[in-house]
Structure formats: C-alpha cells, structure tokens
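What the coordinates show
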Amino acid sequence: MEFDVYDYVVVGAGSAGCVVAARLSEDPDVSVALIEAGPPDTAPEIHVPAAFATLFKTRWDWDYDSEPEPELGGRRVYLPRGRMLGGSSSMNAMVYMRGNAADYDGWAVGGARGWSYRDVLPYFIRSEDNERGADDYHGTGGPLHVSDSRANSRVADAFVEAAVEAGYEHNADFNGAVQLGVGRYQLTQHRGMRWSAADAFLRPALDRKNLTVITDVLAHRVVFDGERAIGVEISSGGPGGEAELLRAGREMILSAGSYGSPHLLLLSGVGPAADLGGFGIPVIQDLPVGRGLQDHLLSAVNYLSDEESLITATSPANLAALQDTGTGPLTSNIDETGGFIETRPGLAGPDIQFHAGPVLFFDEGLGAPQVHGTVIAVSTLSPESRGTVSLRTAAPGTAPRIRHNYLQTEEDRRSIIAGLRAAMEISGQPAMRQVITAPFDVPASESDADLFAHARRTAQTQYHPASTCAIGSVVDSELKVFGLEALRVVDASVMPTVPRGNTNAPAIMIADKAADLIKAAGH
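About the cut-offs
Residues numbered from 1 in each chain as written. Predicted model: local features only at pLDDT ≥ 70, side-chain atom pairs only at ≥ 80, totals over all residues. Heavy atoms only, no water. Salt bridge = Lys/Arg side-chain N within 4 Å of Asp/Glu carboxyl O. Helix = DSSP H or I, 4+ residues; strand = E, 2+ residues; numbered from the N terminus. Buried < 20%, exposed > 50% of the residue type's maximum accessible area, 1.4 Å probe, protein only. Pairing = 2+ DSSP bridges. Axes fitted to C-alpha atoms, helices over the stretch in contact; angles between N-to-C directions. Contact = heavy atoms within 4.5 Å.

1. Let's talk about the pattern of salt bridges
For the coordinates displayed, the defined rule picks out 28 salt bridges. The residue Arg154 makes a salt bridge to Glu307 at a minimum N-O spacing of 2.4 Å. A residue pair is termed long-range when its members are at least 10 positions apart, and Arg154 in helix H5 (residues 154-165) and Glu307 in the loop between strand E18 (297-304) and helix H9 (316-325) qualify at 153 residues. Overall, Arg154 belongs to the partly exposed group, its relative accessible area being 43%. In this structure Glu307 comes out as partly exposed when scored by relative accessible area, which is 24%. One salt bridge connects Arg413 with Glu410, and the closest N-O pair in it is separated by 3.4 Å. Here Arg413 and its partner Glu410 are both found in helix H10 (residues 410-427), three residues apart, which amounts to about one turn of the helix. Looking at Glu410, the relative accessible area reads 55%, which means it is exposed. Here the salt bridges share partners, and the residues they tie into one network are Arg23, Glu26, Arg126, Asp512, Asp516 and Lys519.

Structure representation (structure tokens):
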C-alpha cells in the first residue's frame, strides 16, 4: 500500500534503520517508509563472510576518506561504510559484541536516563537467537542469529593459545559476566553465511502492506514547518535528480549512521550556527551536531605462515563446503579470535581489543596478499580523542568532511603502544611460533618510539564511528533532537561514548529500544 503521507519515515536502512522500521511496522495501523541511498543487498559477496573486503570501494560502499590526520603523518584514512540494505551490517566482520557493562552505566551516570546496563540488557537478549542457548545474558528465538565460528582456522586458534601462554585468561563468552580475556568471537552468521540486520529484521517484514522500502534514493534535507519535522526531501537517479518531498505525519527518524545522520542534520540547518552560516544554510536549531566523533583506532602486526590462509579460500572444495554444509574457510570473518585486556592496573575496564585471523590484513584492508600469513591487530577501546563531521559543501551529494583526530591525547598514544607491545609478546609465544615463519610487517623493535611509529604508519579505522549526535548534546534520552519536534536520531551517532567493543550489536539494541520509545509516544 502506498501512502502520500507516511506516519514514520526512516532515513537509512542500516543496522539501526532496518530494526526500527521493522519494529514500528509491527503495528498494522501505522505506515512506515524506509529509504536507503544504496541498492538492495543482492551481490553474492555480501553474504559470503570471507568476501567482505571485496566490497570495499565498490558501489556497495560510501567510500569516505578522512581529512588528513595530524597524528598519522597527515594520511587520509579510508572509511568504508555500507551503502545497501543492511548498511554496514552487510559488509562488517560480523563480530557480535555488546561492549562492557561499565559503558552503559557510564552513559546513565552522564545523564542518559534509561540507558544503564540493566536497562539495555533485556534488549540485547530479546533480539538474539544464540545457538548456544539462553541464559542470564543470552536469548533464543529472536531474529538475530548469533553463532560460533565455523571456520576454526589453526592460526586464529594459535593466537588464543599463545595469549594464554602469555598470561591472559581464556574467556568463552565476552558478552557474559566478564569481558576480559581471550577466545573465539561469536558472529552474526546463520549456517555459515552473513546474517545482517536486513536478513534478521527487514526481510521478514517486507510482506507487510504498511511498510514501504525505497532504495537508490538520496536524502537531501529534513523539511521543517517551524520547529516540527514534516518530511524529507529526496531524489533518485543521483544528486542531480529532481527533488520530491516524502512526508512524515508522526515522526522523522534519522538512522543514516555516525557520518550520515550528522551530515543530513547539517544540510537541514540543524548544527553549529557559526558553521552553517558559511554555507548559506538557514539555522533551524543551533546544536553541536557532528562534534564529539569517536572511533576505535586499529593497528596490526602481520606475519608470514606456512598454514594455508584465506588467499586460497575460493577453491572448488571450499565453495562446495560453503554451499553444502555452511562450513570451511569461506565462512571466516577474518577476525575469528581476539580478546580484551587492561594494559595497566587501575583502569575501569579493558583499553585494548585483539583481533586475529587467517590472512594478511594491511593497507587498510585494501592490500592484496599474495602469500600465506596471519594478522594480530589491536584497537584502542576508550579513546579520549574527539573528531568532527562537518560540511564540505551545501550540496547533498557531496561527502562530508570527517576528521577523527586519532591519537591526539597521551592516553590514546599510551594505549596503542601498550597494545602493540602485548601483540608482539603474544606472537613470541610457543603456540604462535609454531604457525608463523617470519615477519611481514611488524614494528622495528619493542621500544615506545618504534611501536608508535608503526601505529602512525599502519593505523586505520576499526569501522566504529560514534557519538556525533550524542545523547545529552544533540538528542535527549528518548533520542529526540533538542528544541525540535517529531525528529529523532536512532543509530550509533547517539552513543554518549563509544562502547568497549564492536558497535553493530549496540546499534541494533539502540534501535530496538528506540522503537519502544516511539511506539509509546504514538499512543
């Protein structure tokens, strides 16, 4: 059923948008439109786990770059984001990670009422269908399949054994009572294939007559009547297409992600007044939109190995294993094993996350490995550095300016150095020495100077931008934009701080909770 005016218009069919649109359309008496700039998620490589890096710099990718990063030698950092149904859940490494309980309790202490760990845990549990079964921390029967890895690469398991040899505890469940330790990651996969937010939430809802999904349309700006959002201006056929208004009778919901949602607000006149004035955009509301950007910074050490790696994963036998039984190397998410450590006493939680996998991973994931190898990467979990998303032009088809300001603080530099030192220590343990033959790209030594030089040269995004429309600064605890009516932001941009861990599961949780808030307001 088509509607001239929809009750709810959701911008962005990513991890959050798929959830909120599906949840809102459970009520047959409301109409929901979900718009997405990219196409449907039809490419086979979207669904084959080991192929996710082949999506980089294709039509499925927003393909952003940062501004020159001062502490990374002026490098522009490649920032891939999913541009298709499912958004970045259709091109991520599928790690199911919620973060640390202290993250959410910190949000609540900071003023985000209703977002403590006790408040959000039921939403994580409700959405989950964990193949290990239900317990105090996990659910079954939800739409989001959570599975153990079916790849079980020897080099990835060797990392866990070596980390235990180095003195770290084994942890079978990073989303349970304790986050610290090392082990295998659980994944958003089902029978060995990717299980994106589009697979889990959107696809089962597509037959509903009150849900309209519109792909390949660009959102230009939110349209206001006074202080009330009444719709969004969109076009198809590229930025130069003829604009039309999609009206929202009840609420506009922005779920365009931590780069896209602030960008759209700025184009709409919601943001720092001083910045908007320079582009001739009338100010609707003066708010610090785009400020406070956070991300996990990742730096890797790579080693050669005689163990077979993912460069031969597409053999006929492996393709048959994937198709027939959902097993084999093609089910690898690369980031198969890892863990969380505190690099020094007195921290409130882990400051470093490990990522280990059965292939060389270099040049921001754009390198094409020709030889077998393995990667151990580290990422900073609680960065103090803050960046910005701002306008480059007032044209909606122009990419925003993104500056992360990685490694701006002494604390962040201290953590990345300590994390790389820990990775080097683990790589020297007997279990790793059995599977690696020589360095491929590692720090020159374990001195602070050489470790930091390696980080500056190799560091990249861990693909976890957050906090550009944060609760307390841009939106309230119900995710309503301050000073405006009928406008919410629902995605990782509302996080007051980035959680200690991968951000896909938290983005899904935020959207699930937001749907309850929106439903309650609509009755």
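2. Points about the sheet that holds strand E17 (residues 291-293)
Ordered by their spatial adjacency, three strands build an open sheet running E17-E22-E23, and the pairing between neighbours is antiparallel. Every interior strand has two partners, whereas the edge strands, E17 and strand E23 (401-403), have only one. In this sheet, neighbouring strand axes are inclined to one another by 35° on average, regardless of whether the strands run parallel or antiparallel. In terms of strand pairing, strand E22 (residues 387-390) meets E23 through three bridges, oriented antiparallel. When the bridges of E23 are listed, Thr388 appears paired with Arg403. Helix H7 (residues 257-267) rests against E17, E22 and E23 of the sheet, and its axis sits at about 50° to E22.

3. Re the environment of Asn92
Within the secondary structure, Asn92 is located in the loop between strand E4 (78-79) and helix H3 (101-109). Residues Asn92 and Pro49, spaced 43 residues apart in sequence, show a C-alpha to C-alpha distance of 8.8 Å. Setting aside anything within four residues of it in sequence, one finds Asn92 in contact with Phe52, Arg194 and Asn504.

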